[in-house]
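What the coordinates show
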Amino acid sequence: MTKLPEIALGAWAWGNDGTFGNNFSSDDLRPIFDCAMQNGLNLWDTAYVYGMGTSEKTLGKFLRTVKRDSFYISAKFTPQCADETKDNAVIAMFEKSADLLGVDFMDFYWIHNPVGAPKWVKELIPLAKSGKIGKIGLSNHNLSEIKEAQEILSKEGLKISAIQNHYSLLNRSSETSGILDYCKQNDIIFFSYMVLEQGALCGKYDTKHPMPIDSDRGKTYNPVLDKIEKLNEGLKEIADKHNVQIAQIPVAWAIAKGTLPIIGVTKVNHVEDAAKAANIVLSDNEIKIIEKLADNADINVMRYWEKEMK
């Protein structure tokens, strides 16, 4: 394999950790995996912390049934889950994830957030030099933290190759802070996660049809569904012009902005929509329109694990 797909598929919800308010079995998820692979969407993003191994175990069950060179895997070291009784907590978590996923090489391996930085960047170095990581990534880091990590890695002949941050029509702080420009200037792939704001920007949820009230996403988005309704109405106008679903417009927007969006998939139609979104070409005017609609919504979607990017 030489070329990444334009969209990555996220297995966060597969962890059944309460974030999404649903529980998915491997029988539920297998058709989704198969559909994705058939459509060339073979870049999978997960983390041990998603259900404390549940997401990785489920995904690994499927990955073991296909050839290793038919997919890309993206996994993460989460500082809050570090076992500091180990000589190297980063290597320890890598090995745990690798075992669950059934692989010995990660195409992308991330430091999930900057808690404890830059300690974990230094612990990542031996793992990176072992040849078990294709690309080093940082997630939820601001620009100064990215530059600090890059300086540490460059002294060892290594570099940051990927950044993964929350980036959507409702959260463009990685753009306004200069992170997107930095990535473009330094040949770094920018993965945009929560492009659909955990389903809020897909047109499925509104004041009459709220998200599961016992889920983390429901607590965040249900109180502002009136504003989200208006935004989705505007997105539908653009979607209708392209003869696509609402959810495909924010994804096409993220691609147009030069990012690689991660789309969480829990239904086969999510995969099908993602595949179609990669073919949508938005005009500059359409991009301006939907960004203005999002700005007018004036919604703060920053989550408990995030901070303002600067």
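Heads up: these notes are all about the structure in this document. Everything quoted here is computed from the prediction, not taken from an experiment. (Residues numbered from 1 in each chain as written. Predicted model: local features only at pLDDT ≥ 70, side-chain atom pairs only at ≥ 80, totals over all residues. Heavy atoms only, no water.)

**Observations regarding the overall build of the protein chain**
- Scanning the protein chain from terminus to terminus reveals 12 helices and eight strands.
- Against the compact-globule benchmark of 19 Å for 310 residues, the protein chain has a radius of gyration of 19 Å, which places it among compact chains.
- Its C-alpha atoms give the protein chain principal-axis dimensions of roughly 55 × 40 × 40 Å.
- The burial tally for the protein chain puts 56% of its 310 residues in the buried class.
- In the protein chain, 78% of the contacts between residues at least 6 apart in sequence involve partners at least 24 apart.
- As presented, the protein chain carries roughly 13,800 Å² of accessible surface, and 48% of it is formed by carbon and sulfur atoms.
- Separation between the mean location of the 36 positive side-chain charges and that of the 41 negative ones in the protein chain comes to 1 Å. (Helix = DSSP H or I, 4+ residues; strand = E, 2+ residues; numbered from the N terminus. Rg over C-alpha atoms; globule rule 2.2 N^0.38 Å. Buried < 20%, exposed > 50% of the residue type's maximum accessible area, 1.4 Å probe, protein only. Contact = heavy atoms within 4.5 Å. Areas by Shrake-Rupley, 256 points an atom, 1.4 Å probe, with all protein chains shown as cover. Lys, Arg positive; Asp, Glu negative; His and termini not counted. Charge placed at Lys NZ, Arg CZ, Asp CG, Glu CD.)

**Digging into the pattern of salt bridges**
- Evaluated as defined, the whole model comprises 10 salt bridges.
- A salt bridge links Asp 107 to Arg 68, with the nearest nitrogen and oxygen atoms 3.0 Å apart. Here Asp 107 is found in strand S4 (residues 106-111), whereas its partner Arg 68 is found in the loop between helix H2 (54-63) and strand S3 (72-77), with 39 residues between them in sequence.
- According to the relative accessible area criterion, Asp 107 is buried, its value standing at 13%.
- Residue Asp 295 pairs with Arg 172 through a salt bridge whose shortest N-O separation is 3.1 Å. Of this pair, Asp 295 sits in helix H12 (residues 284-297) while Arg 172 is found in the loop between strand S6 (160-166) and helix H6 (173-176), placing the two residues 123 residues apart along the sequence. (Salt bridge = Lys/Arg side-chain N within 4 Å of Asp/Glu carboxyl O.)

**Comments concerning the layout of surface pockets**
- If you add up the space inside the second largest pocket, you get close to 260 Å³.
- As for the second largest pocket, its lining consists of 14 residues, of which Leu 170, Asn 171, Arg 172, Ser 173 and Ile 299 are closest to the centre.
- Counting residues per element, the ones that place at least two in the lining of the second largest pocket are H6 and H12.
- Across the lining of the second largest pocket, the residue classes break down as six nonpolar, four polar and four charged. (1 Å grid on protein atoms, 1.4 Å probe; cavity = no way out; pocket = protein on both sides within 12 Å on 5 of 7 lines; lining within 4 Å. Points joined across faces, edges and corners; volume = space filled by probe spheres on them. Nonpolar A, V, L, I, M, F, W, Y, C, P; charged D, E, K, R; others polar.)

**Some remarks on the pairing of strand S7 (residues 189-193)**
- Across the five residues that make up S7, a large majority, four, are buried.
- The pairing of S6 with S7 spans five bridges and is parallel. Paired with Asn 165 across the strands is Ser 192, a residue of S7.
- Looking at chain direction, S7 and strand S8 (residues 260-264) are connected through two bridges and run parallel. Bridged to Ser 192 within S8 is Pro 261. (Pairing = 2+ DSSP bridges.)

**Let's talk about H2**
- The buried fraction of H2 is high, at seven of 10 residues.
- Those residues of H2 that fall on the buried side of the exposure criterion are Ser 55, Glu 56, Thr 58, Leu 59, Gly 60, Phe 62 and Leu 63.
- Structurally, H2 contributes buried residues whose contacts are with helix H1 (26-38), strand S2 (43-45), S3 and helix H3 (89-101).

**Observations concerning empty space enclosed by the protein**
- Under the counting rule described, the total for this entry stands at one cavity of 30 Å³ or more.
- If you add up the space inside the largest cavity, you get close to 40 Å³.
- Looking at the largest cavity, the residues that line it are His 166, Asn 171, Ser 173, Met 302, Glu 306, Lys 307 and Met 309.
- Residues that form the lining of the largest cavity fall into these classes: two nonpolar, three polar and two charged.

**Some points on the packing of aromatic side chains**
- According to the stated counting rule, one finds 13 aromatic pairs in the structure shown.
- Taking the centre distance of 4.9 Å and the plane angle of 50 degrees together, the rings of Phe 77 and Trp 120 count as tilted. One end of the pair, Phe 77, is in strand S3; the other, Trp 120, is in helix H4 (residues 119-129), and 43 residues separate them in sequence. Trp 120 matches Phe 77 in its accessibility class, with the two residues each being buried.
- For the ring pair Phe 108 and Trp 110, a centre distance of 6.0 Å and an interplane angle of 15 degrees mean the geometry is stacked.
- With relative accessibility at 1%, the residue Phe 108 sits in the buried group.
- For Trp 110, a relative accessible area of 0% gives the class buried.
- Ring-pair connections join several aromatic residues into one group, and the members of that group are Trp 14, Phe 33, Trp 44 and Phe 62. (Phe/Tyr/Trp six-rings, centres within 6.5 Å; stacked < 30°, edge-to-face > 60°.)

**Some details on the packing of H1 against helix H11 (residues 268-277)**
- H11 packs onto H1 with a crossing angle of 20 degrees between their chain directions and a minimal axis gap of 8 Å. By the angle between their axes, H1 is roughly parallel relative to H11. In this structure, the crossing between H1 and H11 has a hand that is right-handed. Across the interface between the two elements, Pro 31, Ile 32, Cys 35 and Ala 36 from H1 touch Val 268, Val 271 and Glu 272 from H11.
- Split by residue class, the contact of H1 with H11 holds six nonpolar, no polar and one charged. (Axes fitted to C-alpha atoms, helices over the stretch in contact; angles between N-to-C directions. Parallel < 35°, antiparallel > 145°, perpendicular 65-115°, else oblique. Left-handed = near helix turned anticlockwise from the far one by under 90°.)

**Looking at the environment of Val 301**
- Inspection of the secondary structure assignment puts Val 301 in the segment after H12.
- Measuring from C-alpha to C-alpha, the distance between Val 301 and Thr 176 comes to 16 Å, with 125 residues separating the pair along the chain.
- Sequence-distant contacts of Val 301, that is, excluding residues within four places in its chain, are made with His 166, Leu 170, Asn 171, Glu 197, Tyr 221 and Glu 306.

**Some points on the sheet that holds S7**
- Strand order in the closed barrel made by the eight strands is S1-S2-S3-S4-S5-S6-S7-S8, with parallel pairing throughout. Along the sheet, successive strands turn relative to each other by an average axial angle of 30 degrees, direction set aside.

That is the geometry; function is a separate question.
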